[in-house]
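Coordinate inspection notes
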Amino acid sequence: MDLDVFVSAHRAEWDRLDALLRRQRSLTGAETDELVTLYQRTATHLSLIQSSAPDPQLTGRLTQLVARARSAVTGTRRASWRDVTRFLTQGFPAAVYRSRHWWVPTALISTAVAVLLGWWIGTHPEVQSSIAAPDELRELTRPGGLYETYYSSHQAAAFAAQVWTNNAQAAAMCLVLGVFLGLPVLWILFQNMLNLGIGAGLMSSAGRLDTFLGLVLPHGLLELTAVFVAAGTGLRLGWTVIDPGPRTRRTALAEEGRAAVGMAIGLALVLFVSGAIEGFVTPSGLPTWARITIGITAELAFLAYVYVVGGRAARAGETGDVEAAERSAEVPTAA
C-alpha cells in the first residue's frame, strides 16, 4: 500500500471526523449518522495501516481519533453490579477452567519439586548445616519454636492482611511477567517451592513433619492452588508470545492479557479467603483435624467452583475476556 496516496485519499474524512467530535454536543441527526459512518471507516483505515504500512505518527493520530469517536458513539460505560455478577459467575471461573491444562501440570510438577527438596534437605545433615547453624535450626523446629509460633506471633487481622497482600503480589507478578516467555514465572515458582521444601525438610529432620503439615495445610491448599493458577496462566501467556495460533500475535496477546488481568482480580479474592484462614484458623486452638478439614473444604469448594461453574460457562462460549462490544474491532486477515 502506498501510504502517501492512502493518506491523501482519506485525510478529508479524518479531518471531518475530528471536526464533528469537537462539537459532538450540538450535532444534528444527519451529522450524528455521519459521525458513526466516519468512525467505522477510520477504524478500518487504522487497521489497514497497522497491518500493511505501519507509521508511528499516523497510527498514533488515528488511534486517538478512533478512541474519541468510539467514546462518542458508545458513550462512557460504567461498571455495574451486572458486570460483577457476570465476572464472578462466568468470566473468572471460565478463565481458570480454560487454563487448567496449564495450571494442573504446574501444580503437580511444583508439588513434586517441593517434596523432593524437602526429602533432600531432611535426609542430608550437611545441607541443613548450610541453611543455618545447629542452634538456629533447633530454635526453628523445637516445640514452640519459630515455625510453630510464626502464625500466632502477630495480631490475626493484621497478619491476614499482610499475607493476603504478599500472596496477591506474587500471583500478579506471575500473571504479568508471563509475557516474558514465562521465565520469571518459573523463578517465582521455584522460590515458593524451595521455601516450602526447606520448612518441610527441617521439620521432618526434627521428627515434627506432622506439626508442620498441620500448620500449612489449612491455608496452604487454597493458597498454593491460587499461585499455581497464576503461574499456569502466566506460562500460557508466555507461550502465546511464541505460538499465537490462528490469531495474530497482537490479537492473541490482547485477548489472553485481558483475561489474565481478570484472573488477577479473581485470584486476589481467592487469596483473601486463604489469608483469612491463615490469620484466624491456622493459629487457632482448634484441633489439627478440624483446621485441616476447613482447609480441605475451602479447596474443594474452589475446585467445584472452577470445574462446575467455570466448565459450564466455558462450554457456553465464555473465555474470561471482556464482552465483545468492549473489544477493539479487528479487520479479517487472509488465511
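Cut-offs and rules
- Residues numbered from 1 in each chain as written.
- Predicted model: local features only at pLDDT ≥ 70, side-chain atom pairs only at ≥ 80, totals over all residues.
- Heavy atoms only, no water.
- Helix = DSSP H or I, 4+ residues; strand = E, 2+ residues; numbered from the N terminus.
- Buried < 20%, exposed > 50% of the residue type's maximum accessible area, 1.4 Å probe, protein only.
- 1 Å grid on protein atoms, 1.4 Å probe; cavity = no way out; pocket = protein on both sides within 12 Å on 5 of 7 lines; lining within 4 Å.
- Points joined across faces, edges and corners; volume = space filled by probe spheres on them.
- Nonpolar A, V, L, I, M, F, W, Y, C, P; charged D, E, K, R; others polar.
- Expected span 1.5 Å × (residues − 1).
- Contact = heavy atoms within 4.5 Å.
- Core = buried A, V, L, I, M, F, W, Y, C linked by side-chain atoms within 4.5 Å.
- UniProt positions renumbered as here; feature names shortened; annotations may be inferred.
- Bend = angle between axes of the 7 residues up to and from the residue.

Notes on the environment of Pro287
Assignment of secondary structure puts Pro287 in the loop between helix 12 (249–281) and helix 13 (288–315). Look at Pro287 and you get partly exposed, because its relative accessible area is 39%. For the pair formed by Pro287 and Gly214, sequence separation is 73 residues and the distance between their alpha carbons is 9.4 Å.

Some remarks on empty space enclosed by the protein
One pass over the full model with this rule turns up 1 cavity of 30 Å³ or more. What the largest cavity holds in volume is close to 80 Å³. Around the largest cavity sit Ala95, Arg98, Ser99, Thr233, Arg236, Leu237, Glu256, Ala259, Ala260, Met263 and Thr319, which together line it. Looking at the lining of the largest cavity, the elements that each hand over two or more residues are helix 4 (81–98), helix 11 (209–242) and helix 12. Counting residues per element, the lining of the largest cavity draws most heavily on helix 12, at 4 residues. Partitioning the lining of the largest cavity into residue classes produces 5 nonpolar, 3 polar and 3 charged.

Details of helix 10 (residues 183–205)
Spanning 23 residues, helix 10 covers 33 Å between terminal C-alpha atoms, matching the ideal 33 Å at 1.5 Å per step. Among the residues of helix 10, those classed as buried are Val185, Ile188, Leu189, Met193, Gly197, Ile198, Gly199, Ala200, Gly201, Leu202 and Met203. Directly beyond the C-terminal end of helix 10, a positive phi value near 75° is found at Gly207.

Section: the side chain of Arg236
Mapped onto the fold, Arg236 is located in helix 11. Non-local contacts of Arg236, meaning those with residues more than four positions away in its chain, are made with Arg98, Ser99, Trp102 and Glu256.

Focus on the nonpolar core
Counting residues in hydrophobic clusters, the biggest one holds 34 residues, and the most contacted among them are Phe92, Val96, Met263, Leu267 and Phe302. When sequence neighbours within four positions are dropped, the list of residues in contact with Phe92 reads Phe87, Gly262, Met263, Gly266, Leu267, Val270, Phe302 and Tyr305. Within the second largest apolar cluster, 18 residues are counted, among which are Phe6, Leu17, Leu20 and Leu62.

Description of the UniProt feature "transmembrane region" (unreviewed entry) in the protein
As annotated by UniProt and renumbered to match this structure, "transmembrane region" (unreviewed entry) occupies residues 102–121, 170–190, 259–277 and 289–308. Along residues 170–190 the backbone is 76% helical and 0% strand, and the end-to-end C-alpha distance reaches 12 Å. Between the end C-alpha atoms of residues 289–308 there is a gap of 27 Å, over a span that is 100% helix and 0% strand.

Side note on helix 4
The end-to-end C-alpha distance of helix 4 is 24 Å, a good match for the 26 Å that 18 residues give at a rise of 1.5 Å each. Phe87 marks the point of greatest bend in helix 4, at about 50°. Residues of helix 4 that are buried: Asp83, Arg86, Gly91, Phe92, Pro93, Ala94, Ala95, Val96 and Tyr97. Those residues of helix 4 that are buried lie in contact with helix 5 (100–122), helix 11, helix 12 and helix 13.

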